[in-house]
Every structure is written in structure tokens, then in C-alpha cells.
Amino acid sequence: MNVHDSEKVVGTLLARGYAQVETPDQAALILYNTCSIRDKAEQKVFSRLQQFRREAGKGRLFGVLGCVAQQEGERIFERAPHVNLVAGSASYSQLPQLLSRLESGDHRVTGLGLDREETFETPFTRRDNPYRAYITIIEGCDKACAYCVVPATRGPERSRSSHNILEEARQLAEAGSTEIQLLGQNVNSYRDPSARQWDFAALLMGVGEIPGIRRVRFTTSHPRDFSKDIVDAIDANPVLANHVHLPVQSGSSRVLAAMQRLYTREEYLRRIEWLKGARRKISITTDIIVGFPGETEADFAETLSLLDEVEYDSLFSFKYSPRPNTPAVNLEDRIPEEEKTRRLMILNERQRAIQIRRNTELIESLKEVLVEGRNASGQWVGRTLENRVLNFPGPDGNGHSLLGQYVRVRVTRAGPNSLAGEYAGLALGT
Ligand code: 5AD
Ligand code: SF4
């Protein structure tokens, strides 16, 4: 989501006559997009701002964007007096006005409102990848997960009209994008504000029918709002990726209640049953937090048993990090840092074994990948529809670039995080 926000900001600047340069050294205006999901990300922002300080003497303007900007607001000017602009993502629609004020000589401007109805729609997005394009469908979040800064930094939920989303997707398809990734903090609570009142499953079907689009991905899903219709949509249209990222956070219903996640382990597993009952095999990935305040050894054991039960294709794991302005920040029963680290290592080891086993089962299968680039040893790197990384040497004696192409690859080897294979020709319909 931050990457895509940056694409929109860059597009807005280009439309005002700015040009992108290679290094901060060459820049007249430096904007730094930030994340505050965990403390480490936030610390990085302040150490980088210190590095930028010496640049300030050279007449450059500095802006801090994103969640740290929203969270810290004007305090950023105290900690880093060389900063000229502070704006959170909910105020990006005001960026042109904020830039005008900077350009006409104002030294400190802020965009910190969270109450904007409109999402940041700009006709000027400058997309980095010519084949895969992100589209924001919903901004903000109305949940109140006890550990999470997002409701405080990105504001309340606002859905975009399905007409605008489809129009943007059509234009992207015409410009050559073949893969669309629909973005939102919680895509499942998408509610079309236009008269046709589509829900997320209807939107998915709509985007999946646009000529030229070969893959549609989406992230992130909240288990509470994840409906069976989404699985039915994936089953009905092979263009919709057979991959669902369904963050669980913990396998213990007790911890889930403390996290205010609004579902139990059993309710979550019901969604997993829907996914596993699909006609197409659907890849399932998740996010897990270890060491939430009060998490006992028994709670953690339940998270481990959930890994065995679901057999995720991949997961992102995090040590709980207390965040300002969140319901959990003052909870007692903090878990010591070393204990969080121990749990994280056990979790990752358990998952690694599952991934090796699951990936090994794919050996000999034929996969279609979208080629995204080359790896360090010069092999092509592609991504399967299920979102697995597959490396393969180029076809013999064939010098032309496969970048952006859909090709078939036979899987020959499997590691925990990627697959390797042999080129087996261009994909059908290419
Ligand atoms: N501490 C640790 N991990 C967190 N996440 C969100 N907030 C925190 C926090 N305070 C993780 C969740 C979420 C992912 C994007 O980041 O697992 O799904
Ligand atoms: Fe954060 Fe929960 Fe909203 Fe996800 S659903 S953004 S974890 S508050």
C-alpha cells in the first residue's frame, strides 16, 4: 500500500513539472514515505531524517509522508527542524495545495486531517511496473485490533466507487498491464458507494472480466469479513488468483479476544475449510504476531498447532511491538524480548518444514508464471498464480527477453521459499 501511495505522490509531482532524480543529492525536494506498523520501522525514519539533516543546509525542501507523519504530526518539526512538510496518507488529496504553499515560500506545512471523505484518487499515478498494477479500492480501517496503529494513522474506511475502479483497470489493461492487484487494509469490507452497491466478491468478478487482464490479486483480507462468495468467485473465474492472504495473528481464541480480532480459532478455521473445499487449489498465507501481552506457552502452542492444521503456503511473522495510540499499549503482562525471539524462531522453524514439504509436492508439475526479472545468477524469476516464486534458466539459444511474458515452467527443485524449474514454452494464449 505504501509503495502504491508513493506511485501516486510521484505522479502528482511529475504532473506539476517536477522530474525524478537518481539520488537525494540531486534533488530540490525530498519526500520520505514512512511506516509505523512496528517500532523498528519508525526508528529507521528518525535515523534517516538525521542523515538528511546535512542536506538541508543546501537549500533543499524535505517532506515526511505516511503513517509516522500522521502519528507524530508537528512533533516531527521538533525532532527534525529541517522538515518542511508533514502529511499523512488521508491528506494526500491535499498534496497539490500543500506543494503550492511550499513553492510560494512557506516553510512549514502540514496535512494531518483524518476526516476526509474522498480517497486519494489522482489521474497522475506513475506506476513502476509495466505489467502489474496496484489499484486502491478501499482506504483506512474501521476495526480496532488492539496492537494496530492503522485506524489511527490511515483513518476510517472509505471505499471507492466500482465505476472508477473498473475504469482505472480498463485503462491499465489498455496500457499493457496484465496483472491487477486490488489494495486495501481490509478489502473484504469493500462497499461500493455507487448505486449498484457491489460488495467485494462482485467487484472481484467485475475486474476479472476486463479484457486483457490475466491475473487479479487482492490484499488484505480480514477473516471476520471474508465471505464464502469470494471463494465462489475464485472458483468461477480462473483469472482471479488462487491465493488468499488471511492474517490470523494467533491460534489461541483467548489471545484473539485480547487482540480484539472479532473471531475465534474455530471461526477462522471455518474460512479455511471454505478455501480448502474450493474446486481449484487455493494457496493460503497469513500473518502471525508472537508475544502479544499475556500470551502463555499454551497459547503459543495453539498457534503452532494451527500451522500444522492449516499448512500455510507461507507466512509473515512478527514480534509484538507496542504502538502509541493503540488499545494494547498499556496492557500488562509484557513478554520479555528474548522470549518473543525464542517463540519467533520456533514458529519459523515449524513453518519452514511445512513449506519444504509442500513445495516438494510440486516437483514435476507444470506452472504458468509471469516473468518479473532475473535473479543474481542470471536466471529468470517468475511468479505463479498462487504467488510462488519460480526460477528458471532462459530457453537455449534464445536471446530475447521474457520480461513481462507468461511462460510455462516445469518444476524440478523445491526450497522452502521458492521453486526452480525448466522452461517449457510460452503460455497458451500468449
Ligand atoms: N506488532 C507486531 N506486528 C504487528 N502487525 C501490526 N501491528 C503490529 C504490532 N504492533 C503485523 C500484523 C499485521 C501485519 C501487517 O503487521 O501481523 O497483519
Ligand atoms: Fe490493523 Fe486490524 Fe485494521 Fe488490519 S483490521 S489494519 S490489523 S486494525
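Our subject is the structure that appears above.
Residues numbered from 1 in each chain as written. Chains lettered and ligands numbered in written order. Predicted model: local features only at pLDDT ≥ 70, side-chain atom pairs only at ≥ 80, totals over all residues. Heavy atoms only, no water.

On to the overall build of the chain. A count of helices and strands for the chain gives 13 helices and 17 strands. Scaling as 2.2 N^0.38, a compact globule of 430 residues should have a C-alpha radius of gyration of about 22 Å, and the chain matches this with 23 Å. Based on the C-alpha atoms only, the size of the chain along its principal axes is roughly 65 × 55 × 50 Å. Put simply, the chain has 430 residues, and 53% of those count as buried. In the form shown here, the chain has an accessible surface area of approximately 19,200 Å², with 50% of it arising from carbon and sulfur atoms. Computing the positive centroid from 56 side-chain charges and the negative centroid from 56, the chain places the two 3 Å apart. (Helix = DSSP H or I, 4+ residues; strand = E, 2+ residues; numbered from the N terminus. Rg over C-alpha atoms; globule rule 2.2 N^0.38 Å. Buried < 20%, exposed > 50% of the residue type's maximum accessible area, 1.4 Å probe, protein only. Areas by Shrake-Rupley, 256 points an atom, 1.4 Å probe, with all protein chains shown as cover. Lys, Arg positive; Asp, Glu negative; His and termini not counted. Charge placed at Lys NZ, Arg CZ, Asp CG, Glu CD.)

For the rest of this paragraph, the subject is the site of ligand 2. Taken together, Cys-141, Lys-143, Cys-145, Tyr-147, Cys-148, Val-150, Pro-151, Gln-185, His-222 and Arg-261 are the residues near ligand 2. Its residues assigned to classes, the shell around ligand 2 shows six nonpolar, two polar and two charged. (Near = heavy atom within 4 Å. Nonpolar A, V, L, I, M, F, W, Y, C, P; charged D, E, K, R; others polar.)

In this structure, Ile-137, Ile-180, Leu-182, Phe-200, Val-207, Phe-218 and Leu-275 are the most contacted members of the largest nonpolar core, which totals 54 residues. Discounting chain neighbours no more than four positions away, the residues touching Leu-182 are Ile-135, Ile-137, Val-187, Phe-200, Leu-204, Val-207, Val-216, Arg-217, Phe-218 and Thr-219. By size, the runner-up hydrophobic cluster in this structure holds 16 residues, among which are Phe-46, Phe-62, Val-68 and Ala-69. (Core = buried A, V, L, I, M, F, W, Y, C linked by side-chain atoms within 4.5 Å. Contact = heavy atoms within 4.5 Å.)

Okay, the site of ligand 1 next. The full set of residues close to ligand 1 is Ile-37, Arg-38, Tyr-147, Gln-249, Asp-287, Ile-289, Phe-318, Lys-319, Tyr-320, Ser-321 and Arg-323. Here a nitrogen atom of ligand 1 sits 3.0 Å away from a polar atom, N or O, in the main chain of Tyr-147. The backbone of Ser-321 places a nitrogen or oxygen atom 2.7 Å from a nitrogen atom of ligand 1. Here ligand 1 loses 86% of its free accessible area of 400 Å² to cover by the protein chains. Residue composition of the shell around ligand 1, grouped by class: five nonpolar, two polar and four charged. (Polar contact = N/O pair within 3.5 Å; in protein donor to acceptor, adjacent residues only side chain to side chain.)

For the peptide bond that leads from Thr-219 to Thr-220, omega is 5°, which places it in the cis range. Relative to the elements of secondary structure, Thr-220 occurs in the loop between strand S9 (215–219) and helix H9 (228–236). For Gln-260, which is not a glycine, the phi torsion comes out positive at approximately 60°. Here Gln-260 is to be found in the loop between helix H10 (253–258) and helix H11 (265–276). Although it is not a glycine, Asn-387 adopts a positive phi angle of roughly 85°.

We now examine the side chain of Arg-323. You can see Arg-323 is positioned in the loop between strand S12 (314–319) and helix H13 (337–360). For Arg-323, a relative accessible area of 2% corresponds to the buried category. If near-sequence neighbours (up to four positions away) are discounted, Arg-323 is found in contact with Ser-36, Ile-37, Arg-38, Asp-39, Glu-42, Gln-71, Tyr-147, Val-149 and Val-329.

Further remarks concern helix H8 (residues 200–208). Judged by how many residues are buried, H8 sits mostly within the fold: seven of nine residues are covered. Where H8 is concerned, the buried positions are Phe-200, Ala-201, Leu-203, Leu-204, Gly-206, Val-207 and Gly-208. N-capping of H8 is provided by Asp-199, with a side-chain oxygen placed 3.3 Å from the backbone N of Ala-201.

Our focus in this paragraph is the environment of Ile-213. Positionally, Ile-213 belongs in the loop between H8 and S9. Under the relative-accessibility criterion, Ile-213 is labelled buried at 5%. Sequence separation between Ile-213 and Ile-180 is 33 residues; the distance between their C-alpha atoms is 7.2 Å. Beyond its immediate chain neighbours, meaning those up to four positions away, Ile-213 contacts Ala-169, Ala-173, Ser-177, Thr-178, Ile-180, Val-207 and Val-239.

Moving on, we come to the pairing of strand S13 (residues 366–374). Within a regular beta strand, the side chains point alternately toward one face of the sheet and then the other, so they alternate between its two faces. Looking at chain direction, S13 and strand S16 (residues 406–414) are connected through five bridges and run antiparallel. Within the sheet, the bridge partner assigned to Leu-366 lies in S16 and is Arg-410. As paired strands, S13 and strand S14 (residues 380–384) are joined by five bridges and run antiparallel to one another. Residue pairing for S14: Val-371 is matched across the bridge by Gly-382. In textbook terms, the turn of a hairpin is the stretch between consecutive antiparallel strands, and for S13 and S14 this stretch comprises five residues, one of which, Gly-378, has a positive phi near 85°. (Pairing = 2+ DSSP bridges.)

Further remarks concern the packing of aromatic side chains. On inspection of all chains with the given rule, the structure shows six aromatic pairs. Ring geometry for Tyr-32 and Phe-52: centres 5.8 Å apart, planes at 90°, overall edge-to-face. On the criterion of sequence distance, the pair formed by Tyr-32 in strand S1 (residues 29–34) and Phe-52 in helix H2 (residues 39–56) is long-range, its members being 20 residues apart. An angle of 20° between the planes, with centres 6.4 Å apart, marks the rings of Phe-392 and Tyr-423 as stacked. Residue Phe-392 is found in strand S15 (residues 389–392), and its partner Tyr-423 is found in strand S17 (residues 419–426); the two are separated by 31 residues along the sequence. Residue class for Phe-392 comes out buried when judged on its relative accessible area of 0%. Each residue in the set Tyr-32, Phe-52 and Phe-62 is aromatic and connected to the rest through ring pairs, giving one cluster. The cationic tip of Arg-79 hangs over the ring face of Phe-46; the distance from NZ or CZ to the ring centre is 3.5 Å. (Phe/Tyr/Trp six-rings, centres within 6.5 Å; stacked < 30°, edge-to-face > 60°. Lys NZ or Arg CZ within 6 Å of the ring centre and 35° of its normal.)

A few words on the environment of Arg-271. Residue placement: Arg-271 occurs in helix H11. Assessed through its relative accessible area of 14%, Arg-271 is described here as buried. For Arg-271, the contacting residues outside a window of four places in its chain are Pro-223, Arg-224, Phe-226 and Leu-246. Polar contacts involving the side chain of Arg-271 include one to the main-chain carbonyl oxygen of Glu-267, which spans 3.1 Å.

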